[in-house]
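Coordinates in review
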Amino acid sequence: MQPKNISIKDFTYELPDEKIALHPLEVRDASKLLVYKNGIVKEATFKNIHQYLPANSLLVFNNTKVIKARVLFTKPTGGIIEIFLLEPYRADYTGTLAATKKCQWKCMIGGASKWKEKELVMGYPQDPVGGLKKSYGLRVRLVEKFSDAYVVEFNWEGNISFAELLEHTGNIPLPPYIKRKVNEEDKERYQTIYAVQDGSVAAPTAGLHFTEQVFENLKTKNIQEDFVTLHVGAGTFKPVKADTMEAHEMHAEWIEVSIETIEQFIANIDHGIIAVGTTSLRTIESLYWMGIKVLLHPGLKELLIKQWEVYEELAQLENTSPKQALEALINWLKKNNLPKIFTQTQILIAPDYKFKIAKAIITNFHQPQSTLLLLVAAAVGNDWKKIYDYALENNYRFLSYGDGSLLFING
């Protein structure tokens, strides 16, 4: 089936509220693990995941770091305006987060209809986690309005970067389905232990289960690890409202991958490459199609992967080997004197997608009628129903703070 014709209503299931994990477990790797391979479902504990992974394989992690993307302003009347940062506006993450006086972001705004003032000024708001916070004279103004977002300019005082400012004035952006206030544990637990690159407004949740002990266990089977960066946007929670996927606009996300990491992928293709999370998977697979794009258009200057082109124009070279595609990508980077990829991907992975590089995915359990569930269905076919039925019947915890799964890709 052409993914454009997919009806999202075919990818739904009943998810009771009590199955949604509102808090993380006390110990990260104590989560349950569902293992799926060749149509067979097994139950395990996450700390023992190494027992189910192929020796000498390569795990690919997303090392993005969640920023405190929810910034609250209290109006003189007592009304609350919530500004939720999505991505830097017409600028890169590194430069924007390093800015020391002002910057612009594309944002969602809660209570936008109440924002009548030219500018909002932050006083000393009550931190929902830990008391009063210094404001650094932070003020914001609306610059532009789009159909689905706003451009907001931030201005502040003091010689601190915007990243530091968010640490002082922002709040952890828990997903909308975690219906509770942010608390102290979220500061640590809604972050992977290997997070280093500031930029996400949602955690790459498959990685939340990993601990130092799990990494030590991986070494016993000579399982390697490498890191990519995909800054997870709020679009990951964007519901599919269209009758068919053709009318749904997939969110685009920024990815960053070094030449050295791409070379690691080439060296490990035959050993098995396993994505930790849907974000890592989308990044890995996007790299293949960027290589195809370069082969089709050697003089190309922009490597953005659009929503449908992997099923259309780029599909004419879909029999190209992963090694050929990745080597073409490396050659293009070197030709353009670029040490790494930094671009966006809008790739939609849905049933009938043929995986090019990844052999398995480690992931949590996703919302009904979501693009993330479509990705799972692309990996395991109709067995996604069997997997989710098993998880529901055996008390697995769902969504961001929930349990994990190891799914080997069919075909």
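For the structure itself, consult the block above.
Basis of the calculations
Residues numbered from 1 in each chain as written. Predicted model: local features only at pLDDT ≥ 70, side-chain atom pairs only at ≥ 80, totals over all residues. Heavy atoms only, no water. Pairing = 2+ DSSP bridges. Helix = DSSP H or I, 4+ residues; strand = E, 2+ residues; numbered from the N terminus. Axes fitted to C-alpha atoms, helices over the stretch in contact; angles between N-to-C directions. Expected span 1.5 Å × (residues − 1). Buried < 20%, exposed > 50% of the residue type's maximum accessible area, 1.4 Å probe, protein only. Polar contact = N/O pair within 3.5 Å; in protein donor to acceptor, adjacent residues only side chain to side chain. Contact = heavy atoms within 4.5 Å. 1 Å grid on protein atoms, 1.4 Å probe; cavity = no way out; pocket = protein on both sides within 12 Å on 5 of 7 lines; lining within 4 Å. Points joined across faces, edges and corners; volume = space filled by probe spheres on them. Nonpolar A, V, L, I, M, F, W, Y, C, P; charged D, E, K, R; others polar. Phe/Tyr/Trp six-rings, centres within 6.5 Å; stacked < 30°, edge-to-face > 60°. Lys NZ or Arg CZ within 6 Å of the ring centre and 35° of its normal. Parallel < 35°, antiparallel > 145°, perpendicular 65-115°, else oblique. Left-handed = near helix turned anticlockwise from the far one by under 90°. Salt bridge = Lys/Arg side-chain N within 4 Å of Asp/Glu carboxyl O.

**Some thoughts on the sheet that holds strand β17 (residues 340-345)**
Strand order in the open sheet formed by 9 strands is β2-β1-β19-β18-β16-β3-β14-β15-β17, with mixed pairing between adjacent strands. Bordering the open sheet on either side are β2 (40-45) and β17, each of which pairs with just one other strand. Direction aside, neighbouring strands of the sheet carry axes that sit 25° apart on average. Examined bridge by bridge, strand β14 (residues 224-231) and strand β15 (residues 253-258) share 3 bridges and lie antiparallel to one another. Looking at β15, one finds that His231 is bridged to Trp254.

**A look at helix α6 (residues 278-296)**
In this model, α6 (19 residues) spans 27 Å end to end at C-alpha, consistent with the 27 Å of a helix rising 1.5 Å per residue. With 17 of 19 residues buried, α6 is to be regarded as a mostly interior element.

**What to know about the side chain of Glu253**
In this fold, Glu253 is placed in strand β15. Within the structure, the side chain of Glu253 is placed 3.0 Å from the backbone nitrogen of Gly233, a separation counted as a polar contact. Leaving out residues up to four positions away in the same chain, Glu253 has contacts with Leu230, His231, Val232, Gly233, Thr236, Arg282, Thr343, Gln344 and Thr345.

**Notes on the pairing of strand β1 (residues 32-37)**
Relative to β2, β1 runs antiparallel, the two being bridged by 6 bridges. Pairing of Lys37 across the sheet is with Ile40, part of β2. Linkage of β1 to β2, two consecutive antiparallel strands, is achieved through a turn of 2 residues, within which Asn38 is found at a positive phi near 50°. Bridge count between β1 and strand β19 (residues 404-408): 4 bridges; the pairing is parallel. In the sheet register, Leu34 faces β19, and the bridge partner there is Ser405.

**Describing the sheet that holds strand β12 (residues 150-155)**
The sheet built from 6 strands is open, its strands ordered β5-β6-β7-β12-β11-β8 with antiparallel pairing. For this open sheet the edge positions go to β5 (70-74) and β8 (120-121), each flanked by a neighbour on one side alone. As judged from the 6 bridges shared by strand β11 (residues 139-145) and β12, these two strands associate in the antiparallel manner. Each bridged residue has a counterpart across the sheet, and for Glu144 the counterpart in β12 is Val151.

**Thoughts on empty space enclosed by the protein**
Counted under the stated rule, the structure contains 3 cavities of 30 Å³ or more. Approximately 250 Å³ is the volume attributed to the largest cavity. For the lining of the largest cavity, the secondary-structure elements that each account for two or more residues are α6 and β18 (358-364). In the lining of the largest cavity, the residues fall into 10 nonpolar, 11 polar and no charged.

**Here we look at the packing of aromatic side chains**
Per the counting criterion, the structure on display carries 28 aromatic pairs. An angle of 70° between the planes, with centres 5.0 Å apart, marks the rings of Phe61 and Tyr194 as edge-to-face. Taken together, the positions of Phe61 in strand β3 (residues 58-62) and Tyr194 in the loop between α3 (184-189) and β13 (197-200) put the pair 133 residues apart, joining distant regions of the chain. The exposure classification of Phe61 matches that of Tyr194, with both residues buried. A connected cluster of aromatic rings, assembled from ring pairs, spans Phe11, Tyr13, Phe365, Trp384, Tyr388, Tyr390, Tyr396 and Phe398. Over the aromatic face of Phe408 sits the side chain of Lys37, whose NZ or CZ is 4.7 Å from the ring centroid.

**Describing the packing of α6 against helix α7 (residues 322-335)**
In contact at an axis separation of 7 Å, α6 and α7 are set at 70° when each is read in the N-to-C sense. Comparing the axis directions of α6 and α7 gives the class roughly perpendicular. For the element pair α6 and α7, the recorded crossing hand is left-handed. On α7, the residues that touch Leu287, Tyr288, Met290, Gly291, Ile292, Val294 and Leu295 of α6 are Pro322, Ala325, Leu326, Ala328, Leu329 and Trp332. For the contact of α6 with α7, a count of residues per class yields 12 nonpolar, 1 polar and no charged.

**A look at the layout of surface pockets**
Estimates place the volume of the largest pocket at around 850 Å³. Only β6 (80-88), β7 (102-110) and β15 provide two or more residues apiece to the lining of the largest pocket. By residue number, the principal contributor to the lining of the largest pocket is β6, which donates 4 residues. Of the residues contributing to the lining of the largest pocket, the split by class is 17 nonpolar, 7 polar and 9 charged. The space that makes up the second largest pocket amounts to roughly 270 Å³. Where the lining of the second largest pocket is concerned, the elements lending two or more residues are β18 and α8 (371-380). Top element by residues in the lining of the second largest pocket is α8. It accounts for 4 residues.

**With respect to the pattern of salt bridges**
By the definition in use, this model includes 14 salt bridges. Salt-bridge contacts for Glu117 lead to Lys75; the nearest nitrogen and oxygen are separated by 2.7 Å. Of this pair, Glu117 sits in the loop between β7 and β8 while Lys75 sits in the loop between β5 and β6, and the two are 42 residues apart along the sequence. Taking relative accessible area as the criterion, Glu117 reaches 31% and is therefore assigned partly exposed. Take Lys75: its relative accessible area is 10%, and that puts it in the buried class. Put simply, Arg180 and Asp186 hold a salt bridge, and the shortest N to O gap is 2.9 Å.

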